[in-house]
Amino acid sequence: QVHLVESGGGLVQAGGSLRLSCAVSTTFFSIYTVGWYRQAPGKQRELVATITGSGNTNFADSMKERFTISRDNAKNTVYLQMNILKPEDTAVYYCMTRSPLGGDSWGQGTQVTVSS
């Protein structure tokens with residue numbers, strides 16, 4: 001079973017930055033697709049960004065200019081650097097992994113609140 005622990009959320013003013021981290025407990029991290037989703041109050045969970053084991057990234061259009069996703073396979077960790085944050089970025093951010101066999105695992109989420 002894959003275990004994910006997110007960190008780095010918090011309260012930030014509009015225009016500020018945050019970096020989220022997600023530590024993943026799996027021997028096969030380097031071949032997993034990993035990424036971030038978010039869910040704002042009253043809204044469906046939506047894609048933020050993913051990164052494959054080979055480093056290919058996929059972003060939601062509204063975030064690709066401000067957010068960066070990266071991974072450190074030596075540390076089994078995926079990062080989300082968020083810049084120029086806006087109040088509409090306020091949400092719970094969830095880390096996820098997808099194994100090559102297709103099974104998904106999720107973290108417990110970390111709250112990001114952007115004040116105007």
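Given the structure is predicted, the values throughout are model-derived calculations rather than measurements.

This part covers the nonpolar core. Among the nonpolar cores identified, the biggest contains 29 residues, and Trp36, Phe67, Leu80, Met82 and Tyr93 are the most heavily contacted of them. Only β3 (18-25), β4 (33-39), β5 (46-51), β7 (67-72), β8 (77-82), β9 (91-98) and β11 (110-115) provide two or more residues apiece to this core. Among the elements that line this core, the one with the most residues is β3, at 4 residues. Contact partners of methionine 82, with chain neighbours within four places excluded, come to Gly16, Ser17, Leu18, Leu20, Arg66, Phe67, Tyr93 and Val112.

Scanning all chains against the criterion turns up 1 disulfide. With a sulfur-sulfur separation of 2.1 Å, cysteine 22 is cross-linked through a disulfide to cysteine 95. Torsion about the S-S bond of the cysteine 22 and cysteine 95 cystine: about -90°, corresponding to left-handed handedness. Here cysteine 22 is found in strand β3, whereas its partner cysteine 95 is found in strand β9, with 73 residues between them in sequence. The exposure class of cysteine 22 is buried, given its relative accessible area of 0%. Since its relative accessible area comes to 0%, cysteine 95 is described here as buried.

Conventions used here
- Residues numbered from 1 in each chain as written.
- Predicted model: local features only at pLDDT ≥ 70, side-chain atom pairs only at ≥ 80, totals over all residues.
- Heavy atoms only, no water.
- Core = buried A, V, L, I, M, F, W, Y, C linked by side-chain atoms within 4.5 Å.
- Buried < 20%, exposed > 50% of the residue type's maximum accessible area, 1.4 Å probe, protein only.
- Helix = DSSP H or I, 4+ residues; strand = E, 2+ residues; numbered from the N terminus.
- Contact = heavy atoms within 4.5 Å.
- Disulfide = S-S within 2.5 Å.

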